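For reference, the chains in residue letters:
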Amino acid sequence: MRLTCRREELAATLGSAARATSAKSTIQILSHVLITANDGQAEIAATDMELSIRVPLKADITESGAVALPRIAGDIVRSMPEGDVVLEHRQNEGVLSLSAGRSRFSLNCLQASDFPELPAGDDDALTIEASALVAAIDVVARAASRDETRPVLTGALLRVGPDGLTMVATDSYRLAVRETGLEQAPSELSEAIIPARALTEVARLSTASSAESLEVAITESQAVFRVDGTRVTARLIDGQFPDYRQLVPDEFEHDVVFDRAELSAVLARIGVLAQRNSPVRMAFEEGQVTISTVSDQVGVGEESLPVLFSGEPLEIGFNVEYLRAGVESCTGDELRIGLISPLRPGLLRGDDDSFRYLLMPIRLNA
Amino acid sequence: MEARPTVLHADLDAFYASVEQLLDPRLRGRPVAVGGGVVLAASYEAKRVGVSSAMAGWRAKELCPDLVFVKGHFSEYQRLSKQVMSILGDYTPAVEQVSIDEAFLDIAGSRRLFGEPDEIATAIRERVQGEAGLPISIGAASTKHLAKIASQVAKPDGLVVVPPDREREFLDPLPVRLVWGVGPATQARLEARGVTTIGELAKESPERLAALLGGGAATKLRGLANNDDWRRVRSRGRARSVGAQSALGRTTPTPELLAEVLGHLADRVATRLRAKGRAGRTVTVRVRFTGMRSITRSITVRDPVSATLTLREISEALATQALADHPRERTITLLAISVSNVTELPESQLELPAPGGDPNRAGSPTAVARLEVDRSMDAVRTRFGRAAVGYAAVALSERGAVPDEFRELAERDV
């Protein structure tokens, strides 16, 4: 194999694909990226067996072939002198040479034939607006769990149908729901639990490209996203996703309106002090809320805001990072927090109901 | 070695009975027993004619036909105990409360403020009598063991100070049963060999004593008889573990019995933990078989436990495991639960009721619901008494003649 391409093009492509490699796996080849050059088309791909990313590479191919090279190749290319990079690999040799200007590297590589077979990813697909999907991923995927003991919660539920697009994720402490209409809503409903990590990659690739739409194909076992020729394929997560409509209470005792920017600033200040286990306390009383935190080691911080609140005083505790994530995910100048009692969830909403963020409190000791 | 008798042992005389006589003047001067089926405590008037605690009610009545039985006023015991302990605390911060009615005090640092040991002891006795209305006996000596013996000698309502240069003179003629750790069985064995006084015990050859009582016990008792006691008075910090046990007689450990007894014990232990705003991660269950052989099983869980039902489930699993490991043991005589690794009840991040959650996590909907039920129950009990509400399996059974309030006082973390 021998090909020549621009340094920036190669670095970006290697970087995009490398995000699907696995650093933790005991299978060595999963920490490598596969370069193939055939029929005048080049591609860089990687997989950790759950997620695979295949990115086309614009290159001038002078000899076909394929080889798997270590992920670190991306870092090397990025630091090479500007201009063209030449990649060369002689069949049956264990090294690949990378050269640009007067710089030259020989990298140990693995045989392409040992690389896992990649899903084709050319299933029939729906076309949806990239902006709608990316907006949903940006605010929902972060609420997914990282706890592998509850696999269902490490994914987000994606539902695309006549009502538009719905995405839901929960780590059991909070739940984020985004519902948006689509300009061309499909007539049939498709639904799947997709690993949050795969969705994050889709959003990243989609944001980097200028494409206005992307293609989504959901099959029995996998979801394929195609953006600008790049294919992201994710294995679907089996199981029953929690019914978010049951988890979100229908009614709240209080619906307190905040200036979103102001609350965000207060939480940023208080958050400096609040450690992972010291909750931020919100003490609501007639006409105001006092937001405070106590850090055993460092000290105490508090700030009061005037709010429209009436009735029995209510004090509720939240994890400050979860709360901030919710406040920042909502849109608009206004933020509403629906509350019931200190042990029931609070519901955050911005200027419309398209995004809802349900957050369980931290039980406070008196 | 401290040259002054700076360790005091203060012991309220016939505490429960004295409280009853304090509350009801008609009982004063008369033989009184707290209890009914079983004597839980007896006044000096009753003790004089041979009535003792743990004696069957009919037997006590036989010995003392005038005996008046009263039901206990448990909250009063607690209140008066607190009052007395706080008086003791006025004389030194080093107060080691060992039960509801007795405490050790180290007054080595109090001399300049309050005077010599006999002056301090006299002042304490006057204040306890004057402010709480109760008789208290005090022993003062250079060690805890000797101070405790002195307070027993001082009873009722007396003071004995043992000057350091007269310790042997004081100890030698006293009967061996006053030595800590000498119960009726050991006393009988010693007396059979002609050892009746502490002086004789102190002089006994270590070999002969070891042959009689076993090596460990022999060394310990001989040491105490020689007044070797290096234990210090420690004012306790917060309890590091909370436990409760139930003696069962000889019983077949059916699942129903385990559920009932462990349910009862879990209720007591968890209630006490919650009362202090605490929870523990390590649960230990002890099962005693016939012949005093006992085994323990313990587990350390991720999140601290303070809910009654959770503690009960964990305890039942441990006890079931312990019994399964000893299939040849057919009868058990005691079950005990203890919770250690105790911390403040954590401020837990609560979880949404999503499927697949672990109910033992502190923030799970199950754990939250259990704790809320427990707290409501605690509130009802505080207001209307312990018997007002309980978990069905436990509340509906009537185990033992000793009321729970009495156990609570004995187990209370002081």
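Here's a quick rundown of the structure. Note that the structure is a prediction, hence the values are computed from the model and not measured.

Cut-offs and rules
- Residues numbered from 1 in each chain as written.
- Chains lettered and ligands numbered in written order.
- Predicted model: local features only at pLDDT ≥ 70, side-chain atom pairs only at ≥ 80, totals over all residues.
- Heavy atoms only, no water.
- Helix = DSSP H or I, 4+ residues; strand = E, 2+ residues; numbered from the N terminus.
- Buried < 20%, exposed > 50% of the residue type's maximum accessible area, 1.4 Å probe, protein only.
- Contact = heavy atoms within 4.5 Å.
- Areas by Shrake-Rupley, 256 points an atom, 1.4 Å probe, with all protein chains shown as cover.
- Pairing = 2+ DSSP bridges.
- Axes fitted to C-alpha atoms, helices over the stretch in contact; angles between N-to-C directions.

## Digging into the overall build of chain A
Alright, step 1. Along chain A, the regular secondary structure elements total seven helices and 26 strands.
Alright, step 2. The burial tally for chain A puts 56% of its 366 residues in the buried class.
Alright, step 3. Residue pairs in contact within chain A that sit at least 24 positions apart in sequence constitute 67% of those at least 6 positions apart.
Alright, step 4. In the form shown here, chain A has an accessible surface area of approximately 17400 Å², with 44% of it arising from carbon and sulfur atoms.

## So, the sheet that holds strand E23 (residues 314-318) of chain A
Residues and elements named next belong to chain A.
Alright, step 1. One open sheet accounts for four strands, arranged E22-E21-E20-E23; its pairing is antiparallel. Whereas interior strands pair on both sides, the edge strands pair on one side only; in this sheet they are strand E22 (299-306) and E23. Mean inter-strand twist for the sheet, computed between neighbouring axes without regard to direction, equals 20°.
Alright, step 2. Of the strand pairs in this sheet, strand E21 (residues 288-295) and E22 are connected by eight bridges, and their pairing is antiparallel. Across the sheet, Val-289 pairs through a bridge with Leu-305, a residue of E22.
Alright, step 3. The strands that helix H6 (residues 260-273) touches are strand E20 (280-285), E21 and E22; relative to E22, the one it contacts most, it runs at about 170°.

## Considering the sheet that holds strand E1 (residues 7-12) of chain B
Residues and elements named next belong to chain B.
Alright, step 1. Pairing within the open sheet is mixed, and its five strands lie in the order E5-E6-E1-E7-E8. Edge positions in the sheet fall to strand E5 (95-99) and strand E8 (159-161), since each has one partner strand and no second. Put simply, the sheet's adjacent strands are angled 15° from each other on average, direction ignored.
Alright, step 2. Where E1 and strand E7 (residues 136-141) come together, six bridges link them in antiparallel fashion. Paired with Leu-12 across the two strands is Ile-136, which belongs to E7.
Alright, step 3. Its contacts with the sheet put helix H7 (residues 144-154) on E1, E5, strand E6 (102-106), E7 and E8, and the angle it makes with E7 is roughly 140°.

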